[in-house]
Amino acid sequence: MKECELYLLLENCLFLNREKQKITDKLNELKTAAYYPRNQNISDEPKCGNESINRLDIYVIKQEKLEREILILNKQILHNWRIACKILKNATSNNEEIELMRMRFYLGWKWKKCSAAMQKKHGGQWNINKVFKVYRLLLAKCTK
């Protein structure tokens, strides 16, 4: 288990970030439905003649539920990242490499975006090939 602990932690961070993005997309759809109520339904329930339920109340309840889910996911991501970061710091003292891993797994960025950010901040040697090479080398160091 020790050999693949870092890999599992990083992949779990990435999975949780993807789940967070799905919830964020749902939240954005909900906000759109609140701004344009005639075009979309906030509720999944069929329409009925009873107008005693306020559509704004339904919106607020769903919004709060989705925001709580995002907070829970953020805590899980942070917990996994802290453990992974300790393992990474034991494997390398290079802050650029740890920064790359933070962008990819803690923030959930795509590899291409990570590469572009590293190029902008640290110079042109950070192309996509170097990004993958650093990732593989870090995993190899941590599994020894």
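Residues numbered from 1 in each chain as written. Predicted model: local features only at pLDDT ≥ 70, side-chain atom pairs only at ≥ 80, totals over all residues. Heavy atoms only, no water.

1. Points about the nonpolar core
So, point 1. Membership of the largest hydrophobic core comes to 25 residues, with the highest contact counts inside it found for Leu6, Leu10, Trp81, Leu100, Met101 and Phe105.
So, point 2. Of all the secondary structure elements, the ones that give two or more residues to this core are helix H1 (5-35), helix H2 (55-91), helix H3 (95-106), helix H4 (111-122) and helix H5 (128-142).
So, point 3. When neighbours within four sequence positions are excluded, Leu100 is seen to be in contact with Cys114, Met118, Trp126, Val131 and Val134.
So, point 4. The next biggest cluster of nonpolar side chains, apart from the first, holds nine residues, and it includes Leu16, Leu30, Leu66 and Leu73. (Core = buried A, V, L, I, M, F, W, Y, C linked by side-chain atoms within 4.5 Å. Buried < 20%, exposed > 50% of the residue type's maximum accessible area, 1.4 Å probe, protein only. Helix = DSSP H or I, 4+ residues; strand = E, 2+ residues; numbered from the N terminus. Contact = heavy atoms within 4.5 Å.)

2. Here's the deal with the pattern of salt bridges
So, point 1. Overall, the coordinates contain three salt bridges when judged by the stated rule.
So, point 2. Across the pair Lys22 and Glu19 runs a salt bridge whose closest N-O atoms are separated by 3.4 Å. Within this pair, Lys22 and its partner Glu19 are both found in helix H1, separated by three residues, close to a single helical turn.
So, point 3. Residue class for Glu19 comes out partly exposed when judged on its relative accessible area of 25%.
So, point 4. The salt bridge partner of Lys65 is Glu69, with a shortest N-O separation of 3.6 Å. Within this pair, Lys65 and its partner Glu69 are both found in helix H2, separated by four residues, close to a single helical turn.
So, point 5. The exposure class assigned to Lys65 is partly exposed, which follows from its relative accessible area of 47%.
So, point 6. You can call Glu69 partly exposed: its relative accessible area is 27%. (Salt bridge = Lys/Arg side-chain N within 4 Å of Asp/Glu carboxyl O.)

3. Some remarks on the packing of H2 against H3
Packed helices, taken two at a time, are described by the angle between their axes plus the distance between the axes.
So, point 1. With their axes 11 Å apart at the nearest point, H2 and H3 run at an angle of 155° to one another. Relative to H3, the element H2 lies roughly antiparallel. Judged by the twist between their axes, the crossing of H2 over H3 is right-handed. Side by side, H2 and H3 meet where Ile77, Leu78, Trp81, Cys85, Leu88 and Lys89 of the first sit next to Ile98, Met101, Arg102 and Tyr106 of the second.
So, point 2. Split into classes, the residues belonging to the contact of H2 with H3 amount to eight nonpolar, no polar and two charged. (Axes fitted to C-alpha atoms, helices over the stretch in contact; angles between N-to-C directions. Parallel < 35°, antiparallel > 145°, perpendicular 65-115°, else oblique. Left-handed = near helix turned anticlockwise from the far one by under 90°. Nonpolar A, V, L, I, M, F, W, Y, C, P; charged D, E, K, R; others polar.)

4. Side note on the packing of H3 against H5
So, point 1. Contact pair H3 / H5: the axes reach a minimum separation of 11 Å and the direction vectors enclose 100°. With respect to their mutual orientation, H3 and H5 come out roughly perpendicular. Along the contact surface, H3 presents Glu97, Leu100, Met101 and Phe105, while H5 presents Val131, Val134, Tyr135, Leu138 and Lys141.
So, point 2. Classifying every residue of the contact of H3 with H5 gives seven nonpolar, no polar and two charged.

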